[in-house]
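Reading the structure
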Amino acid sequence: MKMISIKSITLVILLMLTCLHSWAIDPSASKKEGSKDKALDITLLTRTDKSWDGKTLPDYPKGQPEITVLKVVVPPQGEFPVHKHPVITVAVLLKGEITVYLEDGSQKMKLLPGKVDTEVVNTWHYGINEGTTPAEVIVFYAGIKGFPVSIKK
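Residues numbered from 1 in each chain as written. Predicted model: local features only at pLDDT ≥ 70, side-chain atom pairs only at ≥ 80, totals over all residues. Heavy atoms only, no water.

1. Some thoughts on the layout of surface pockets
In this structure, the second largest pocket spans a volume of roughly 290 Å³. Elements that contribute at least two residues to the lining of the second largest pocket include exactly β1 (65-74), β2 (79-84), β4 (98-102), β7 (125-128) and β8 (135-144). The class makeup of the residues in the lining of the second largest pocket is 13 nonpolar, 5 polar and 3 charged. (1 Å grid on protein atoms, 1.4 Å probe; cavity = no way out; pocket = protein on both sides within 12 Å on 5 of 7 lines; lining within 4 Å. Points joined across faces, edges and corners; volume = space filled by probe spheres on them. Helix = DSSP H or I, 4+ residues; strand = E, 2+ residues; numbered from the N terminus. Nonpolar A, V, L, I, M, F, W, Y, C, P; charged D, E, K, R; others polar.)

2. Notes on the sheet that holds strand β6 (residues 116-118)
Within a sheet, adjacent strands bond to each other through the backbone by hydrogen bonds, running parallel or antiparallel. Spatial strand order, β1-β8-β3-β6: 4 strands in an open sheet with antiparallel pairing. Two strands close off the open sheet at either side, each with one partner strand: β1 and β6. Averaged over all pairs of adjacent strands, the angle between strand axes in this sheet comes to 20°, irrespective of strand direction. Bridge count for β1 against β8 is 10 bridges, and the pairing is antiparallel. Its bridge partner lying in β8, Leu 70 is registered against Val 139. (Pairing = 2+ DSSP bridges. Axes fitted to C-alpha atoms, helices over the stretch in contact; angles between N-to-C directions.)

3. Details of unusual backbone geometry
In this structure, Gln 77 is a non-glycine residue whose phi angle is positive, near 65°. Mapped onto the elements of the fold, Gln 77 is located in the loop between β1 and β2. Overall, the relative accessible area of 54% leaves Gln 77 in the exposed class. Of note in the backbone geometry, Asn 122 takes a positive phi value of approximately 55° without being a glycine. On the accessibility criterion, Asn 122 (48% relative accessible area) is partly exposed. (Buried < 20%, exposed > 50% of the residue type's maximum accessible area, 1.4 Å probe, protein only.)

4. Here we look at the pattern of salt bridges
Scanning the entire structure with this criterion turns up 5 salt bridges. We note a salt bridge from Lys 95 to Glu 136, for which the minimum N-O separation is 3.8 Å. Of this pair, Lys 95 sits in strand β3 (residues 88-95) while Glu 136 is found in strand β8, placing the two residues 41 residues apart along the sequence. For Glu 136, a relative accessible area of 16% translates into the label buried. Close ionic contact of Lys 153 with Glu 103 constitutes a salt bridge, the shortest N to O distance being 2.8 Å. (Salt bridge = Lys/Arg side-chain N within 4 Å of Asp/Glu carboxyl O.)

5. Let's talk about the side chain of Thr 123
Structurally, Thr 123 is set in the loop between β6 and β7. The buried category is assigned to Thr 123, whose relative accessible area is 17%. Ignoring anything within four residues of it in the chain, the contact list for Thr 123 reads His 83, Lys 84 and Leu 102. (Contact = heavy atoms within 4.5 Å.)

6. Points about the packing of aromatic side chains
Applying the stated criterion across every chain yields a total of 1 aromatic pair. Between Tyr 101 and Tyr 126, the ring centres sit 5.3 Å apart and the planes meet at 20°, which makes this aromatic pair stacked. Separated by 25 residues along the polypeptide, Tyr 101 in strand β4 and Tyr 126 in strand β7 bring together distant segments of the chain. (Phe/Tyr/Trp six-rings, centres within 6.5 Å; stacked < 30°, edge-to-face > 60°.)

No statement about biological role is implied by the geometric values presented.
Next comes the structure, spelled out in structure tokens:
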């Protein structure tokens, strides 16, 4: 059985998103004559080749792709322990606020509702909800089957 590379899957996803994007630009492209369907409303949240600290993202590892999506609720003053991601990770904050710090304290980034965070890869960091309400974040990991998406220190 032939394995499909992550690059091939990424190319297919990008092609699909490009088609969806063209439909959003030209609503008639998504409608057929007499159709009751409405045009899609698509907003690009992020497109980047760099993590939030400005470093270029690494190549995808080889192996069977596995996408993991988590919803995490962080209580006020709650925190993510020091950890790192060996795979490309993207987070979208739905509610609240989270401040992410590099372990060495050299940089920090505040994540607010609607903001997209392309996480640092293989870099120790931690996050704190310094706000007064719970923070809700959706986290997407582009990983490899059997490979961890996060490693605690």
